Amino acid sequence: MLSSNIKGVTSGFPLRIEAEKVVEKQVELNAAFLKNMFTKIEWKPFVDASRAMGYAELPDEAESSMLESDEFLQKFHHALLELHLEEGALVCPETGRRFLVNKGIPNMLLHEDEV
């Protein structure tokens, strides 16, 4: 998840997703990788991002014991690795500044007055 680096912004995380086009790409499931990544993810922003891209299968809260469930691992895997924001925007929660996403690439360049 990205945060805003605009000068003077103190609460630029997480950027909100405005999805226009989401692409699903098949990726082989790697349970060890997912278990390692789980500890590094802030769950609520991750769930919010997944839902903004149209995927509502993740629980509101999660704990590490859930990683023993194949069903949970598959859902986590899908949200983390198979959903791609192709077109849309990332929006700063503090300023409302929109960073456009085109062909899966966010344009995070700042305007001169934002540096």
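Computed from a prediction, not measured in an experiment: that's the story for all the values here.

Conventions used here
Residues numbered from 1 in each chain as written. Predicted model: local features only at pLDDT ≥ 70, side-chain atom pairs only at ≥ 80, totals over all residues. Heavy atoms only, no water. Helix = DSSP H or I, 4+ residues; strand = E, 2+ residues; numbered from the N terminus. Buried < 20%, exposed > 50% of the residue type's maximum accessible area, 1.4 Å probe, protein only. Contact = heavy atoms within 4.5 Å. Lys, Arg positive; Asp, Glu negative; His and termini not counted. Charge placed at Lys NZ, Arg CZ, Asp CG, Glu CD. Axes fitted to C-alpha atoms, helices over the stretch in contact; angles between N-to-C directions. Parallel < 35°, antiparallel > 145°, perpendicular 65-115°, else oblique. Nonpolar A, V, L, I, M, F, W, Y, C, P; charged D, E, K, R; others polar. Pairing = 2+ DSSP bridges.

Trainee: I tried to follow the overall build of the chain on my own but got confused; where do I start?
Mentor: Assigned secondary structure in the chain consists of three helices and four strands. Mapped from its N terminus to its C terminus, the chain presents α and β elements in the order β-α-α-α-β-β-β. Residues classed as buried in the chain amount to 33% of the 115 residues present. A separation of at least 24 residues holds for 63% of the contacts in the chain among residues at least 6 apart in sequence. Counting 12 positive and 20 negative side-chain charges, the chain places the centres of these two groups 4 Å from one another.

Trainee: Would you mind going over the packing of helix α1 (residues 31-38) against helix α3 (residues 70-82) with me for this structure?
Mentor: Axes are the key here: two packed helices are described by the angle between their axes and the distance separating the axes. In the contact formed by α1 and α3, the axes pass within 11 Å of each other and the chain directions differ by 75 degrees. Between α1 and α3, the interaxial angle falls into the category roughly perpendicular. Of the residues in α3, those in contact with Ala31, Phe33, Leu34, Lys35, Met37 and Phe38 of α1 are Phe72, Leu73, Phe76, His77, Leu80 and Leu81. Here the contact of α1 with α3 is built from residues that sort into ten nonpolar, one polar and one charged.

Trainee: How do you make sense of the sheet that holds strand β4 (residues 105-106) when you look at a structure like this?
Mentor: The strands making up a sheet are joined through hydrogen bonds of the backbone, oriented either antiparallel or parallel. Pairing in this open sheet of four strands is antiparallel, and the strands run β1-β2-β3-β4 from one edge to the other. Of all strands in the sheet, those bounded by a partner on one side alone are β1 (16-24) and β4. Of the strand pairs in this sheet, β1 and strand β2 (residues 83-91) are connected by eight bridges, and their pairing is antiparallel. What sits directly across from valine 23, in β2, is histidine 84.

Trainee: Help me understand the pairing of β2 in this model?
Mentor: On any regular strand, side chains alternate: one points to one face of the sheet, the next to the other face. Among the nine residues of β2, seven are classified as buried, and the element is accordingly described as predominantly covered. Bridge count between β2 and strand β3 (residues 98-102): five bridges; the pairing is antiparallel. Across the sheet, glycine 88 pairs through a bridge with valine 101, a residue of β3.

Trainee: Got a minute to help me understand the packing of helix α2 (residues 43-52) against α3 in this structure?
Mentor: Close contact between α2 and α3 brings their axes to 10 Å; oriented N to C, the two are set at 70 degrees. Judged by the inter-axis angle, α2 sits roughly perpendicular to α3. Counting all contacts with α2, which are made through Trp43, Phe46 and Ser50, the residues of α3 involved are Phe72, Phe76, Ala79 and Leu80.

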